[in-house]
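Below, each chain spelled out in residue letters.
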Amino acid sequence: MSTITNLEPKPLWNYFHQITQIPHPSKNEKRLAEFIVKFGKEHGLETIVDKVGNVIIRKPATKGMENRKGIILQCHLDMVPQKNSDKTHDFTKDPIETVIDGEWVKANGTTLGSDNGIGVAATLSVLSSKDLQHGPVEALFTIDEETGMAGVFGLEPGILRGDILINLDSEDEGELYVGCAGGIDVSAVKDYTEEPAPVGTTCYKISIKGLKGGHSGVDIALGRANANKLAFRFLMQAEADFRIRISSYSGGDLRNAIPRESNIVIVVPSERSSDFEAFVKGYEKMYRSEFAETEPDLSFTGVKTEMPSKVMNIHDQYRFIRAVFVCPNGVQRMSQAMKGLVETSNNLAIVRCKDALFEAYNLTRSSVDSSKEATAWKIAAVFHLIEADVKLAGGYPGWKPNMSSPILKTMSNVYSDMFGKVPEVKAIHAGLETGIIAGVYPNLDMISFGPTIRFPHSPDEKVNIPSVAKFYDFLCGTLKSIPVK
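(A) Representation of the packing of aromatic side chains within the structure. Applying the stated criterion across every chain, the model contains 22 aromatic pairs. Plain terms: the ring middles of Tyr-287 and Phe-300 are 5.5 Å apart, the flat faces sit at 70° to each other, and that makes the pair edge-to-face. Here Phe-300 lies in strand S14 (residues 299-304) and Tyr-287 lies in helix H6 (residues 273-290), a separation of 13 residues in the sequence. Summarising the burial analysis for this pair, Tyr-287 and Phe-300 share the class buried. The ring of Tyr-318 carries Arg-322 above its face, with NZ or CZ at 3.6 Å from the centroid.

Structure, rendered in structure tokens:
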């Protein structure tokens, strides 16, 4: 058994260990949902599975607390499946290997799933506790949060009974979140013409590796490189200087993760091979210099490989390179209302060129709906210029801060009493499920908090051990202090 089961609080870490042993990437949460349902029934608690697969468990108030406002503890069951290129791991079959590294728990070459597994484990600890004081508790475990929030989009009115919703999906202990960004997916797809690879050419596979990647909302302001943007910047000059031809391209694999790797298969006139190889080394040196602080492990290499039979038509190649090169990426605007908060951003998440089909997928985020729409249409305009089929889909609203929230006041007081300092009140540039839930249950008083998690959505993901203990103690203290109805 993993040594994380010896950490405190033991019930929480034991549940988290069990969660790591059950594969649960997005759209494959069924086994974890079944585990949650079995848990609820074994503890004699009312357990419901709604029509889309969300699990709801209700626990009655402890004696003397029946008149308190009802609390909904909300978290999601799925995790982002990301691994290092040299790691063999099937997220649909293999358990997560946890590692203790000083004051942190991380995984061995993969995402850890502390987002949102720690929240799930904390909720299970509350539901199974025999000595915790609390009013009526309702646990909402949603599915498929990471790839489109299908669970909360399918949440029906009337199924939840609580008065206050506490989302357990934030990632900085000592901070209370009262707002989040909305998002929208922007996709562009277009067929292209292939033709035989030119004679007298040599084929190279250009690989970008070693980037940190990370959460496309939380980490977007950290100045990290986007593998797709690096690749198409290179292709712009390579096309002009070497008359390269693209056979295939693949970069990024998840809409909400900053792309860490990309691979390009191109052909180069054979008489220019030596010059081209020096050109590639020059780009690696330049990129390593530009991103010395944020991407110390950046690798940009080119190796000869087997000749392809076909390459992209030169006219299509010209347009695709320029469209991806100019596509907006990264922070677009900082918030004027909250210092240090990213207001609007875009993640050029996935680009593929293969078998005569070009695809590009973006996730645009903003805490201002009008800015989100404007940025999405700017991206759409880029791809409209190459006559791609562009779609804006999966839009979800942001969560507008309510600084007069009663639960905010309660939790601020509880935190101050427990830890001797006032918690920070913030909004987050990421999509929490609270905004969508508010659309279905507009009268809920809502807040979000969590332990300290770093580099979610990447294999560098880790959760701070001491912060987990404070997070759970704070949750228990909050439940004890919920006011009467």
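(B) View of the packing of helix H2 (residues 30-42) against helix H3 (residues 114-128). Closest axis-to-axis distance for the H2/H3 pair is 11 Å, and the angle between their directions is 15°. It follows that H2 is roughly parallel to H3 by the angle criterion. Between H2 and H3 lies a crossing whose hand is left-handed. Here Phe-35, Ile-36 and Phe-39 of H2 lie close against H3, whose contacting residues are Val-120, Leu-124, Leu-127 and Ser-128.

(C) Representation of helix H7 (residues 314-326). Along its 13 residues, H7 runs 19 Å from first to last C-alpha, staying within 8% of the 18 Å computed at 1.5 Å per residue. Buried within H7 are the following residues: Asp-316, Gln-317, Arg-319, Phe-320, Ile-321, Ala-323 and Val-324. The N-cap of H7, judged by a side-chain oxygen 2.8 Å from the amide nitrogen of His-315 a few residues on, is Asn-313.

(D) Quick peek at the pattern of salt bridges. One pass over the structure, following the stated rule, counts 22 salt bridges. A salt bridge links Glu-195 to Arg-245, with the nearest nitrogen and oxygen atoms 2.5 Å apart. Within this pair, whereas Glu-195 is found in strand S10 (residues 194-196), its partner Arg-245 is found in strand S12 (residues 245-251), the two being separated by 50 residues in sequence. Take Glu-195: its relative accessible area is 26%, and that puts it in the partly exposed class. Between Asp-275 and Arg-272 there is a salt bridge, with the nearest N and O atoms lying 3.5 Å from each other. Exposure remark for Arg-272: the relative accessible area of 27% places this residue in the partly exposed category. One network of salt bridges, with partners in common, ties together Glu-46, Arg-58, Glu-138 and Arg-161.

Definitions and cut-offs
Residues numbered from 1 in each chain as written. Predicted model: local features only at pLDDT ≥ 70, side-chain atom pairs only at ≥ 80, totals over all residues. Heavy atoms only, no water. Phe/Tyr/Trp six-rings, centres within 6.5 Å; stacked < 30°, edge-to-face > 60°. Helix = DSSP H or I, 4+ residues; strand = E, 2+ residues; numbered from the N terminus. Buried < 20%, exposed > 50% of the residue type's maximum accessible area, 1.4 Å probe, protein only. Lys NZ or Arg CZ within 6 Å of the ring centre and 35° of its normal. Axes fitted to C-alpha atoms, helices over the stretch in contact; angles between N-to-C directions. Parallel < 35°, antiparallel > 145°, perpendicular 65-115°, else oblique. Left-handed = near helix turned anticlockwise from the far one by under 90°. Contact = heavy atoms within 4.5 Å. Expected span 1.5 Å × (residues − 1). Polar contact = N/O pair within 3.5 Å; in protein donor to acceptor, adjacent residues only side chain to side chain. Salt bridge = Lys/Arg side-chain N within 4 Å of Asp/Glu carboxyl O.

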